[in-house]
Amino acid sequence: MSEFRIAIGLMADCNQCMDKRIAAILEHKSDAHIDDINLPKGDEYVYNSRQQKIHVQTMMPKSKKPKFLVVLLHGYSAHSNQPWVPLIGSEFVENDIAFVTFDFHGHGYSDGVRVDVEDYRHLIDDCLSVIFELYRSKSSPTARSVAGASEAETARMIGTQGYSSFLDNSEFTCPFVVSGMSLGGVTSLAVGLALQRLQQGQGVMNYSHILPTQEMATVLSLFEGVIAMCPAIAVDLPHPMVQTIMEYLVVPCCPLTPVPSWLGQPDLDRRLVFHDHFLGYAEKDSASNGGMTHAPLIRFRTGHSVIMLTRHVQDSMREVQFPFLVFHDPEDQICRYAGTERLMREASTLTDHKRCVRVQHGLHGLLPNKTHFIVTEMIAWIDAQHQQLR
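Please read all numbers here as calculations on a predicted model, not as lab measurements.

**Comments concerning the overall build of the chain**
Alright, step 1. Secondary structure summary: the chain contains 13 helices and nine strands in total.
Alright, step 2. Once local pairs closer than 6 in sequence are excluded, the contacts in the chain between residues at least 24 apart make up 82%.
Alright, step 3. Summed over all atoms, the accessible surface of the chain reaches about 16,500 Å², with 52% contributed by carbon and sulfur.

**Let's talk about the nonpolar core**
Alright, step 1. Ranked by size, the top nonpolar core spans 103 residues in total, and within it L69, F92, F132, Y135, F176 and F327 carry the most contacts.
Alright, step 2. Broken down by element, the residue count for this core peaks at 10 residues, all from helix α4 (residues 120-135).
Alright, step 3. Contact partners of Y135, with chain neighbours within four places excluded, come to L69, F172, T173, C174, P175, F176, E215, V219 and L222.

**Looking at helix α6 (residues 183-199)**
Alright, step 1. With 17 residues, α6 extends 24 Å between its outermost C-alpha atoms, agreeing within 8% with the 24 Å of an ideal straight helix rising 1.5 Å per residue.
Alright, step 2. Most of α6 sits out of view: 16 of its 17 residues are buried.
Alright, step 3. Phi for G201, located one or two positions after α6, is positive at around 85°.

**Some thoughts on empty space enclosed by the protein**
Alright, step 1. Taken as a whole and judged by the stated rule, the model has two cavities of 30 Å³ or more.
Alright, step 2. Space inside the second largest cavity adds up to approximately 30 Å³.
Alright, step 3. What lines the second largest cavity is Q243, M246, E247, H304, I307, M308 and R311.
Alright, step 4. At the level of secondary structure, the elements contributing two or more residues to the lining of the second largest cavity comprise α8 (240-253) and α10 (300-315).
Alright, step 5. With four residues, the top contributor of residues to the lining of the second largest cavity is α10.
Alright, step 6. A breakdown of the residues in the lining of the second largest cavity according to their chemical character gives three nonpolar, two polar and two charged.

**Structural notes on the packing of aromatic side chains**
Alright, step 1. With the rule as written, the count across this model stands at 10 aromatic pairs.
Alright, step 2. Seen from their ring centres, F92 and F99 are 5.7 Å apart, and the 10° between their planes marks the pair as stacked. Neither F92 nor F99 differs from the other in exposure class; each is buried.
Alright, step 3. The positively charged end of K53 is found above the aromatic ring belonging to Y45, 4.3 Å away from the centroid.

**Looking at the packing of α8 against α10**
Alright, step 1. Between α8 and α10, the shortest axis-to-axis distance is 10 Å and the interhelical angle comes to 135°. Judged on the interaxial angle alone, α10 and α8 are oblique. The way α8 lies across α10 gives a crossing that is left-handed. Touching Q243, M246, E247, V250 and V251 of α8 are F300, R301, H304, I307 and R311, all from α10.
Alright, step 2. A class-by-class count of the residues in the contact of α8 with α10 yields five nonpolar, two polar and three charged.

**Focus on the confidence of the model for the chain**
Alright, step 1. Within the chain, residue pLDDT values average 84, and 81% of them lie at 70 or more.
Alright, step 2. Here residues 141-163 is a poorly scored stretch, pLDDT under 50, and it has 41 contacts once near neighbours within four places are set aside; other chains count.

**What about unusual backbone geometry?**
A negative phi holds for most residues other than glycine; trans holds for most peptide bonds.
Alright, step 1. Within the chain, D96 stands out as a residue other than glycine whose phi angle is a positive 65°.
Alright, step 2. With a relative accessible area of 27%, D96 lands in the partly exposed category.
Alright, step 3. In this model, C230 sits at a positive phi of 45°, which is unusual for a non-glycine residue.
Alright, step 4. Within the secondary structure layout, C230 lies in the loop between β7 (223-229) and α8.

**What to know about a nonpolar patch on the surface**
Alright, step 1. A grouping of M241, I245 and L249 is seen on the molecular surface, where their side chains present a nonpolar patch of about 310 Å² in accessible area.
Alright, step 2. Along the polypeptide, L249 turns up in helix α8.

**Side note on the environment of P231**
Alright, step 1. Within the secondary structure, P231 sits in the loop between β7 and α8.
Alright, step 2. The exposure class of P231 is buried, given its relative accessible area of 0%.
Alright, step 3. On a C-alpha basis, the gap between P231 and V326 in space is 8.0 Å, while along the polypeptide they are 95 residues apart.

**Examining the pairing of strand β9 (residues 354-358)**
Alright, step 1. The pairing of strand β8 (residues 324-328) with β9 spans five bridges and is classified as parallel. Residue pairing across strands places F324 opposite K354, the latter belonging to β9.
Alright, step 2. Taken together, β8, helix α11 (residues 337-346) and β9 constitute a β-α-β crossover, and its handedness is right-handed.

**Quick look at the packing of helix α3 (residues 85-93) against helix α13 (residues 371-389)**
Alright, step 1. Orientation of α3 relative to α13, taken along the N-to-C sense of each, is 30°, at an axis distance of 10 Å. It follows that α3 is roughly parallel to α13 by the angle criterion. Of the two possible hands of crossing, α3 and α13 adopt the one that is right-handed. Two secondary-structure elements touch here, α3 through I88, E91 and F92 and α13 through T371, H372, V375, M378, I379 and I382.
Alright, step 2. Class assignment for the residues of the contact of α3 with α13 results in six nonpolar, two polar and one charged.

**A look at α10**
Alright, step 1. For α10, with 16 residues, the first-to-last C-alpha span of 22 Å sits near the 22 Å given by 1.5 Å per residue.
Alright, step 2. Taken together, the buried positions of α10 are occupied by F300, R301, T302, G303, H304, S305, I307, L309, T310, H312 and V313.

What counts and what doesn't
- Residues numbered from 1 in each chain as written.
- Predicted model: local features only at pLDDT ≥ 70, side-chain atom pairs only at ≥ 80, totals over all residues.
- Heavy atoms only, no water.
- Helix = DSSP H or I, 4+ residues; strand = E, 2+ residues; numbered from the N terminus.
- Contact = heavy atoms within 4.5 Å.
- Areas by Shrake-Rupley, 256 points an atom, 1.4 Å probe, with all protein chains shown as cover.
- Core = buried A, V, L, I, M, F, W, Y, C linked by side-chain atoms within 4.5 Å.
- Buried < 20%, exposed > 50% of the residue type's maximum accessible area, 1.4 Å probe, protein only.
- Expected span 1.5 Å × (residues − 1).
- 1 Å grid on protein atoms, 1.4 Å probe; cavity = no way out; pocket = protein on both sides within 12 Å on 5 of 7 lines; lining within 4 Å.
- Points joined across faces, edges and corners; volume = space filled by probe spheres on them.
- Nonpolar A, V, L, I, M, F, W, Y, C, P; charged D, E, K, R; others polar.
- Phe/Tyr/Trp six-rings, centres within 6.5 Å; stacked < 30°, edge-to-face > 60°.
- Lys NZ or Arg CZ within 6 Å of the ring centre and 35° of its normal.
- Axes fitted to C-alpha atoms, helices over the stretch in contact; angles between N-to-C directions.
- Parallel < 35°, antiparallel > 145°, perpendicular 65-115°, else oblique.
- Left-handed = near helix turned anticlockwise from the far one by under 90°.
- pLDDT = per-residue confidence, 0-100.
- Patch = residues over 30% accessible without salt bridge, like charges linked within 9 Å, V, L, I, M, F, W, Y side chains within 5 Å.
- Salt bridge = Lys/Arg side-chain N within 4 Å of Asp/Glu carboxyl O.
- Pairing = 2+ DSSP bridges.
- Right-handed = clockwise from strand over helix to strand, strands pointing away.

If you want it as structure tokens, here you go:
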């Protein structure tokens, strides 16, 4: 965790282009041992409602009283521990915006079978568990019961630490946005929908074990929108008949079996994701080399969950009322731009509160490929949101 925090000071030299700084980091990591190419495992965590330990990283402004919070969700088979993540966080905290990111279950340092997503709602739950724990009053009792667990099981899992451990132990009172890339992008929209429905009194999920009703209402009032990058709304899917066979026959019988490429597995060629100077790091970080990224592995159950997630967001687009900002390369070959176009057309969000930024030549990995541009645009949008709230 110390490397994550110290990076703010080490990387704050604004005289150097961020892209060059990232390239320098990657060059430094190219000869590093496999155990040293990513950020080390930190001491911050949250338990989701399924009692899995979710690895979290936070960066706070010096004031400890941020004007906004950004919660960043990574993409499929990725993680939040890439060596350039502190650079992204430092850009936010220098603008008085807190930055929080975490590893989905089954990814990075979090608990769970690698890249196994049993139900797409579990991705939403991971995010909501982090958000609600961040905003929970630290004066609340820490020895609360975990959903579905006995008092003894709760004590065994969390001891005296409660649901989480945050080094800053900060109590957030600022507005927040949920942001994500690719699978994290479509999940951020699904999280936005869940928060919107909770605001409207629809019991999407029960989090009373984390937040009492009054605190929940306060947190929901602080939700200010979504920022999505290349969201996986429109992706290349197998034939509908194949999807049906997967759902009713293959997934129940062999959920963890990898989907063979001939059955319609999407093309996850790294050259469609990263600019050239990232390819060496991406290769080294692959699970086949002992790294933390598991692409192109897609398990049958996970594939089905991703399909259900995209359907959920597609079917709910007209319900979207929250503000959102979307970045997308029109030539993205992994998550099609048509999905973002449809979101812009169908979302009920007021015209002035929904925006799409076309990022030419950004490929699929927009945030690492176009870091300074993306983060600068995000901060400008957040500042505009902040001004409207004042």
